[in-house]
Amino acid sequence: MKNYVILLAGGIGKRMQSAIPKQFIEVDGKPIIVHTIENFQENSQVEKIVVVCVKDWIEHVKDLVKKYSLTKVGWVIEGGGTGHDSIRNGVFFLKDKIKSDDFVIVHDAVRPFLPKKIVDEVIRVAHEKGNASSSIVCHPPIVYTDDFESGITDIDREHVMLTASPQAFKYSLVLDCYLTAEQEARHDFTFTSSLLIHCGKRVYFAKGSTCNIKITEKEDIVLFQALLKVKEESLSC
């Protein structure tokens, strides 16, 4: 069995207030998406990558692939109208290209700081359990709100895990779930793990990292720049 990556680069990043999609903003001389791809390019367990991209930027991604010798990027395809649809496009695209017992790793292009040990752990757990979501223990207190202004219910954080990409799945499992979503005309599952739960499947946790930040606001770029200066082996996060 082999491991393939579905890299999501379909967003336009409205909150960043940038003239270009945030995944193409340059940090330390390279676009964010290139930093992200290189994490998988350099991992020997990854076979190939399919980039699911904003339609108008597909040719630009292809140019980046050539410029930075990202040889594991096998395909660049068009994203969908929602995050769910972009993942679905990637899953369905691979239907005649990989085997049912292969695995797909779904990851956000705007999560560029991805220690190798996090990818390896997601792969390990997924191979053992059938799926895995990068997860961290929840430390802050959590309060449920019904009006988004206040709250009176405290949620037991001992039974809460914070999940993020990368998430990995046996291909036959994830394909069946997205086919189910199509039959139900559902397009609102932001995370594949949420779709699995909807389909009655148990989601397994792989040890994640607080350093696996998502570039959403301008200050996240400053944090990413700082993380780039830290050697991976010295990270405890």
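Just above, that's the structure.
Residues numbered from 1 in each chain as written. Predicted model: local features only at pLDDT ≥ 70, side-chain atom pairs only at ≥ 80, totals over all residues. Heavy atoms only, no water.

Q: Give a description of the sheet that holds strand E5 (residues 73–78) that names residues and reports values.
A: Reading across from one edge, E5-E4-E1-E6-E10-E7-E11 is the order of the seven strands in this open sheet, with mixed pairing throughout. Of all the strands in the sheet, the pair left with one neighbour each is E5 and strand E11 (205–207). Direction aside, the axes of adjacent strands within the sheet are offset by 30° on average. By the bridge criterion, three bridges tie strand E7 (residues 131–137) to E11 in an arrangement that is parallel. In the strand pairing of E11, Ser135 is matched with Lys207. Across the face of the sheet, helix H4 (residues 116–129) comes into contact with strand E1 (3–9), strand E6 (103–108), E7, strand E10 (161–170) and E11 while running at roughly 130° to E7. (Pairing = 2+ DSSP bridges. Helix = DSSP H or I, 4+ residues; strand = E, 2+ residues; numbered from the N terminus. Axes fitted to C-alpha atoms, helices over the stretch in contact; angles between N-to-C directions. Contact = heavy atoms within 4.5 Å.)

Q: Please provide a residue-by-residue account of the pairing of E7, values included.
A: Sheet faces and side chains relate simply in a regular strand, where the side chains alternate between the two faces. The buried fraction of E7 is high, at five of seven residues. The pairing of E7 with E10 spans seven bridges and is antiparallel. The residue bridging Ser133 from the neighbouring strand is Gln167, located in E10. (Buried < 20%, exposed > 50% of the residue type's maximum accessible area, 1.4 Å probe, protein only.)

Q: Can you break down a nonpolar patch on the surface residue by residue, with the values?
A: On the surface, Val137, Met161 and Phe205 cluster together into a nonpolar patch covering about 260 Å² of accessible area. Looking at where Phe205 falls in the secondary structure, it is placed in strand E11. (Patch = residues over 30% accessible without salt bridge, like charges linked within 9 Å, V, L, I, M, F, W, Y side chains within 5 Å. Areas by Shrake-Rupley, 256 points an atom, 1.4 Å probe, with all protein chains shown as cover. Salt bridge = Lys/Arg side-chain N within 4 Å of Asp/Glu carboxyl O.)

Q: Pulling in residues and values, what's your account of the nonpolar core?
A: Membership of the largest hydrophobic core comes to 34 residues, with the highest contact counts inside it found for Leu7, Ile33, Phe40, Ile49 and Val51. Contributing elements (two or more residues each) for this core: E1, helix H1 (32–41), strand E4 (46–53), helix H2 (58–67), E5, E6 and H4. Excluding its chain neighbours within four sequence positions, the residues that come into contact with Ile33 are Leu7, Ala9, Gln23, Phe24, Val51, Val61, Leu64 and Ala109. One finds Val50, Trp75, Leu175 and Ala181 within the second-largest nonpolar core, a separate group that totals 25 residues. (Core = buried A, V, L, I, M, F, W, Y, C linked by side-chain atoms within 4.5 Å.)

Q: Which residues make up the environment of Ile105, and what values go with them?
A: Positionally, Ile105 belongs in strand E6. A C-alpha to C-alpha distance of 6.0 Å links Ile105 and Ile6, two positions 99 residues apart in sequence.

Q: Run through the packing of helix H3 (residues 83–93) against helix H5 (residues 171–183), naming residues and quoting values.
A: What describes two packed helices is the angle between their axes and the distance between those same axes. Contact geometry of H3 with H5 gives a least axis separation of 10 Å together with a crossing angle of 130°. As far as their axial angle goes, H5 and H3 are oblique. Considering how the two elements wind past one another, H3 and H5 form a crossing that is left-handed. Facing H3, whose interface residues are His84, Ile87, Arg88, Val91 and Phe92, H5 presents Tyr171, Val174, Leu175, Tyr178, Leu179, Ala181 and Glu182. Class assignment for the residues of the contact of H3 with H5 results in nine nonpolar, one polar and two charged. (Parallel < 35°, antiparallel > 145°, perpendicular 65-115°, else oblique. Left-handed = near helix turned anticlockwise from the far one by under 90°. Nonpolar A, V, L, I, M, F, W, Y, C, P; charged D, E, K, R; others polar.)

Q: Please set out the packing of aromatic side chains residue by residue, giving values where relevant.
A: Aromatic ring pairs are described here by two measures, namely the spacing of the ring centres and the angle between the planes. Scanning the entire structure with this criterion turns up two aromatic pairs. Taken together, a centroid distance of 4.6 Å and an interplanar angle of 10° make the contact between Phe24 and Trp57 stacked. Taken as a pair, Phe24 in the loop between E1 and strand E2 (26–27) and Trp57 in the loop between E4 and H2 lie far apart in primary sequence, 33 residues in all. Phe24 gets classed as buried once you look at its relative accessible area, which sits at 4%. (Phe/Tyr/Trp six-rings, centres within 6.5 Å; stacked < 30°, edge-to-face > 60°.)

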